[in-house]
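Read off the chains here:
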Amino acid sequence: MDEHKSHMGHNDNNGNQKMSGHGHKDHHEMMITDFKRRFYISIIVTVPILALSPMIQDWLGWEMEFAGSKYILFALSSFIYLYGGWPFLIGFVDEIKERSPGMMTLIAMAISVAYFYSSATVFLIEGNDFFWELATLIDIMLLGHWIEMRSVQGASRAMDKLAQLMPDEAHLLSEGKVMDISVDKLNVNDTILVKPGEKIPADGEIVKGTGYVNESMLTGESKPVEKGEGDDVIGGSVNSEGSLEISVKKVGEDSYLSKVVQLVRQAQESKSKTQNMADKAALWLTIIALSSGAITLSAWLLAGAEFTFAIARMATVMVITCPHALGLAIPLVTANTTAISAENGLLIKNRTAFENSRKIDTVVFDKTGTLTEGKFGVNHIEVFGDNMDKNKAVQIAASLEKNSEHPIADGIVAHAKSIGMEMFDINEFKAIKGKGVEGYIDGEKYFMASPGFLRENNINIPGDMPDFDISTNVFLLKEKNLLAAFGLSDKIRPESMEAVEKLKSMGIGCWMLTGDNKKTAAQVSEKLNLDGYFAEVLPEEKLEKIKELQNKGRYVAMTGDGINDAPALAQADVGIAIGSGTDVAAETADIILVNSNPLDVTVLIVLGKLTYRKMIQNLMWATGYNVIAIPLAAGVLYSAGIVISPALGAVLMSLSTIIVAVNAKLIKL
């Protein structure tokens, strides 16, 4: 709703909009708490207002009137008008200043007419008051806005999550000594030490040491990258093994992560803001209510009616236009679809994007961790020699690798366990930095080694071995004799095939976007029968690829899990994050697939279409009754003895609200 849109972007001292941060987050949570508090207090005050209202007493056939009761009713209603109605009165002022009357204007007008006319019946004129309608309207509006604000949950906290990727401290090397300092005190050309298992605190170049660096959450490359002297490293990536001495090359705003932050911010700021359908309906109702009220008052005065009768007709017309149902039409559907979506593994963060998911005609998937599992699995085993079979090769290889923490080792050990292999005891185990591992089994020396180790030791790979170019390859040796070759690659999720098939059957194009190499991308694309793919793309290039598709008129959903996907997720018309991925991807996205199942993208689109249809139906129910009720309330058939009393008007409003609520519940069917 627009009553808090002025709060949705705060400015820093330099006039730059901050897209996230504790100030914004805390402010939004304070607003939700404020609406909740106002709703509960107003509900409590509404109980005695209902008990003291003559109209309610007539309906229930009992009477509770005593000296001063109408003044108590007035006092309680004054409190609820000023306390419960305050957000709407302030919102009305903001809308008038911005010359864009909408829901706040209609609500403020309705509660003000009800309050001031009812106050007049207490002190100045004869007539029925609308105090109970004033109270219930404010209650329902507070409830509707509270529900909606909880479902929307404000702006993205992606920037906080990105910042958390960087360690707080760095090991600075100075004059042969190691000092722990704050990362923000690092300068270009400083030399830092990064130990195994630690995050790299800044962009830089390795000046000493070798090891494997896991950059999958930053670049999309599915396998850890071997790094040595002269190689560049990215702040936020993880040093899997080996100590590294790094010369710092970029700090602050020049760093890779800072640039990703800026890309996310730009994409979020440039995302179009869809005007709320309920606000459009409220604008028209505002115009209709004001016009109908003015015409009704003028017509009856010109017809010679008493002023009290004319003002009662005008008040009835304007109160009957009160948006009880309209205020709940959208939030109730949102609340129901949010709950249903959660049951189906979808977490909705951006309601507008969820509603717009019905427009999706192109889905772009990240590869690693989205279409694939993000874990290495053995896909090829080739054995050499008559005395070796695949099972024995796996048993020896897994026995060696069980002592290693490398992701490739995990893949081989997992494969051995999956086929029920028991491990041998290993003696004198040793990791060969950047080359593999070695150890003794029953007094015989074995190696699990990289292609580089084979080249260094002039060990030839048989020419008839299958092409493993699309895999990561490791070799089992006994002394210097080659026993077997293992090819490992990231496994395609079982659900990915079905997801692509279903999307294509719905007429939706399916593309893949990855930082991985072209051969791997081509293989995955072919297996999944995708419409196309983009390979070896950096985060800024991913964002540009999304823009390219959008410039061709496509309504694009981006599905990803890594930090490298964050800018593209923000740029896409609908950003979808895999739940098992990074917090950054999840915070940047509009919808999160809690079960990490790409098949849930189809559920999202179906639910998006259903949600939009229900919203349109509810808006029709919420406003349609006015077509009949307003003319009758104005008294167009008064001469025929047909006129809507305030009581009947209230019944019509209640009926409309009930229909809207029931229709929203029917989504579950």
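Here the structure is a predicted model, which means the values were calculated and not measured.

Quick word on the overall build of the chain
Looking only at helices and strands, one finds 25 helices and 24 strands in the chain. Of all intrachain contacts in the chain linking residues separated by at least 6 positions in sequence, the fraction that spans at least 24 positions is 69%. Accessible area for the chain stands at about 30,000 Å²; split by element, carbon and sulfur atoms hold 54% of it.

Quick notes on the environment of Phe39
Mapped onto the elements of the fold, Phe39 is located in helix 1 (residues 22-52). Looking at Phe39, the relative accessible area reads 11%, which means it is buried. Phe39 has contacts with Asp139, Leu142, Leu143 and Trp146, leaving out every residue within four places of it along the chain.

With respect to the confidence of the model for the chain
Here the chain averages 78 in pLDDT, while 78% of its residues score no lower than 70. Taken together, the stretch residues 1-24 has pLDDT below 50 and engages in 45 contacts with residues farther than four places along the chain or on a different chain. Within the model, pLDDT remains below 50 along residues 152-159, and this stretch shows 25 contacts once partners closer than five positions in the same chain are excluded.

So, the pairing of strand 16 (residues 436-441)
Of the strand pairs in this sheet, strand 15 (residues 427-432) and strand 16 are connected by four bridges, and their pairing is antiparallel. Following the sheet pairing, Ala431 is matched in strand 16 by Val437. As defined by bridge partners, strand 16 adjoins strand 17 (residues 444-449) across six bridges and the pair is classed as antiparallel. Paired with Ile441 across the bridge in strand 17 is Glu444. The turn joining strand 16 and strand 17, which pair antiparallel and follow one another in sequence, is formed by two residues; a positive phi near 50° is taken by Asp442.

Let's talk about the packing of helix 23 (residues 600-624) against helix 24 (residues 626-634)
At a minimum axis distance of 7 Å, the contact between helix 23 and helix 24 shows a crossing angle of 10°. Taken together, helix 23 and helix 24 sit at an angle that is classed as roughly parallel. In this structure, helix 23 uses Ala622, Thr623 and Gly624 to contact helix 24, whose residues at the interface are Asn626, Val627 and Ile628. Taken together, the residues of the contact of helix 23 with helix 24 break down into three nonpolar, three polar and no charged.

A closer look at the pattern of salt bridges
As enumerated under the stated definition, the model contains nine salt bridges in all. Among the salt bridges present, the one from Asp531 reaches Lys504, with a minimum N-O distance of 3.6 Å. Of this pair, Asp531 sits in the loop between helix 19 (518-528) and strand 21 (532-534) while Lys504 sits in helix 18 (residues 494-505), and the two are 27 residues apart along the sequence. In this structure Lys504 comes out as partly exposed when scored by relative accessible area, which is 28%. A salt bridge links Lys545 to Glu548, with the nearest nitrogen and oxygen atoms 3.8 Å apart. In this pair, Lys545 and Glu548 are both assigned in helix 20 (residues 539-551), three residues apart and thus about one turn of the helix distant. You can call Lys545 partly exposed: its relative accessible area is 21%.

Section: the side chain of Lys614
Relative to the assigned elements, Lys614 resides in helix 23. Lys614 sits in the buried class, given a relative accessible area of 12%. When residues no more than four places from it in sequence are discounted, the contact partners of Lys614 are Val333, Asn663, Leu666 and Ile667.

Some thoughts on a nonpolar patch on the surface
Residues Trp59, Leu60, Trp62, Met64, Phe66 and Ile72 make up a contiguous nonpolar surface patch of roughly 580 Å² in combined accessible area. Mapped onto the elements, Met64 comes out in the loop between helix 2 (54-60) and helix 3 (69-83). Under the relative-accessibility criterion, Met64 is labelled partly exposed at 31%.

A closer look at the packing of helix 3 against helix 4 (residues 86-97)
Helix 4 packs onto helix 3 with a crossing angle of 50° between their chain directions and a minimal axis gap of 5 Å. When the axis of helix 3 is compared with that of helix 4, the two are oblique. Contacts between helix 3 and helix 4 involve Tyr81, Leu82 and Tyr83 from the former and Trp86, Pro87 and Leu89 from the latter. Along the lines of polarity and charge, the residues of the contact of helix 3 with helix 4 split into six nonpolar, no polar and no charged.

What about the sheet that holds strand 22 (residues 556-560)?
Taken in spatial order, the seven strands of this open sheet run 12-24-23-22-13-20-21, and their pairing is mixed. Two strands close off the open sheet at either side, each with one partner strand: strand 12 (346-348) and strand 21. Looking at each pair of strands side by side, their axes are set apart by 20° on average, direction ignored. Alignment of strand 12 against strand 24 (residues 591-593), held across three bridges, turns out to be antiparallel. Counterpart to Leu346 in the pairing with strand 24 is Leu593. Each of strand 12, strand 13 (362-366), strand 22, strand 23 (574-578) and strand 24 is contacted by helix 23, which is oriented at about 50° to strand 12, the strand it contacts most.

Digging into the sheet that holds strand 8 (residues 225-227)
Two modes of strand pairing occur in sheets, parallel and antiparallel, and in both the strands are linked by backbone hydrogen bonds. Taken in spatial order, the three strands make up an open sheet running 8-7-10, and their pairing is antiparallel. At either end of the open sheet lies a strand with only one pairing partner, and these are strand 8 and strand 10 (238-239). The pairing of strand 7 (residues 211-214) with strand 8 spans three bridges and is classified as antiparallel. Note on strand 8: the bridge partner recorded for Gly211 is Lys227.

A few points about the environment of Tyr625
Here Tyr625 shows up in the loop between helix 23 and helix 24. According to the relative accessible area criterion, Tyr625 is buried, its value standing at 15%. In this structure, the C-alpha to C-alpha distance between Tyr625 and Leu655, residues 30 residues apart in sequence, is 9.6 Å.

Regarding the nonpolar core
Counting residues in each nonpolar core, the largest one holds 47 residues, and the members touching the most others are Ile49, Phe88, Ile111, Phe131 and Leu134. For this core, the elements supplying multiple residues, two or more each, are helix 1, helix 2, helix 3, helix 4, helix 5 (103-123), helix 6 (131-152), helix 10 (277-302) and helix 11 (307-320). Per-element accounting of this core gives the leading share, 13 residues, to helix 5.

A few points about helix 15 (residues 390-401)
Its twelve residues place the ends of helix 15 16 Å apart at the C-alpha level, agreeing with the 16 Å of an ideal helix rising 1.5 Å per residue. Helix 15 sits mainly inside the fold: nine of its twelve residues count as buried. All of the buried residues in helix 15 are Ala393, Val394, Gln395, Ile396, Ala397, Ala398, Ser399, Leu400 and Glu401. Between the side-chain oxygen of the N-cap and the backbone nitrogen of Asn391 there are 3.2 Å, and the N-cap of helix 15 in question is Asp389.

Some details on the UniProt feature "transmembrane region" (unreviewed entry) in the chain
Annotation from UniProt places "transmembrane region" (unreviewed entry) at residues 39-56, 71-93, 105-124, 130-147, 281-303, 309-333, 619-638 and 644-664. The span residues 39-56 carries 94% helix and 0% strand; its end-to-end C-alpha distance comes to 21 Å. End-to-end, the C-alpha atoms of residues 105-124 are 27 Å apart, and along that stretch the chain is 95% helix and 0% strand.

Describing the packing of aromatic side chains
All chains considered together, the criterion is met by eleven aromatic pairs. Geometrically, the ring pair formed by Trp511 and Phe534 is stacked, given 5.1 Å between the ring centres and 20° between the ring planes. Of this pair, Trp511 sits in strand 20 (residues 509-513) while Phe534 sits in strand 21, and the two are 23 residues apart along the sequence. Owing to a relative accessible area of 15%, Phe534 belongs among the buried residues under this scheme. By the ring-pair criterion, three or more aromatic residues cluster together here, those being Tyr71, Phe74, Tyr81, Tyr115, Phe116 and Phe123. The lysine or arginine in question, Arg38, covers the ring of Tyr83, its NZ or CZ lying 4.8 Å from the ring centre.

Thresholds applied
- Residues numbered from 1 in each chain as written.
- Predicted model: local features only at pLDDT ≥ 70, side-chain atom pairs only at ≥ 80, totals over all residues.
- Heavy atoms only, no water.
- Helix = DSSP H or I, 4+ residues; strand = E, 2+ residues; numbered from the N terminus.
- Contact = heavy atoms within 4.5 Å.
- Areas by Shrake-Rupley, 256 points an atom, 1.4 Å probe, with all protein chains shown as cover.
- Buried < 20%, exposed > 50% of the residue type's maximum accessible area, 1.4 Å probe, protein only.
- pLDDT = per-residue confidence, 0-100.
- Pairing = 2+ DSSP bridges.
- Axes fitted to C-alpha atoms, helices over the stretch in contact; angles between N-to-C directions.
- Parallel < 35°, antiparallel > 145°, perpendicular 65-115°, else oblique.
- Nonpolar A, V, L, I, M, F, W, Y, C, P; charged D, E, K, R; others polar.
- Salt bridge = Lys/Arg side-chain N within 4 Å of Asp/Glu carboxyl O.
- Patch = residues over 30% accessible without salt bridge, like charges linked within 9 Å, V, L, I, M, F, W, Y side chains within 5 Å.
- Core = buried A, V, L, I, M, F, W, Y, C linked by side-chain atoms within 4.5 Å.
- Expected span 1.5 Å × (residues − 1).
- Polar contact = N/O pair within 3.5 Å; in protein donor to acceptor, adjacent residues only side chain to side chain.
- UniProt positions renumbered as here; feature names shortened; annotations may be inferred.
- Phe/Tyr/Trp six-rings, centres within 6.5 Å; stacked < 30°, edge-to-face > 60°.
- Lys NZ or Arg CZ within 6 Å of the ring centre and 35° of its normal.

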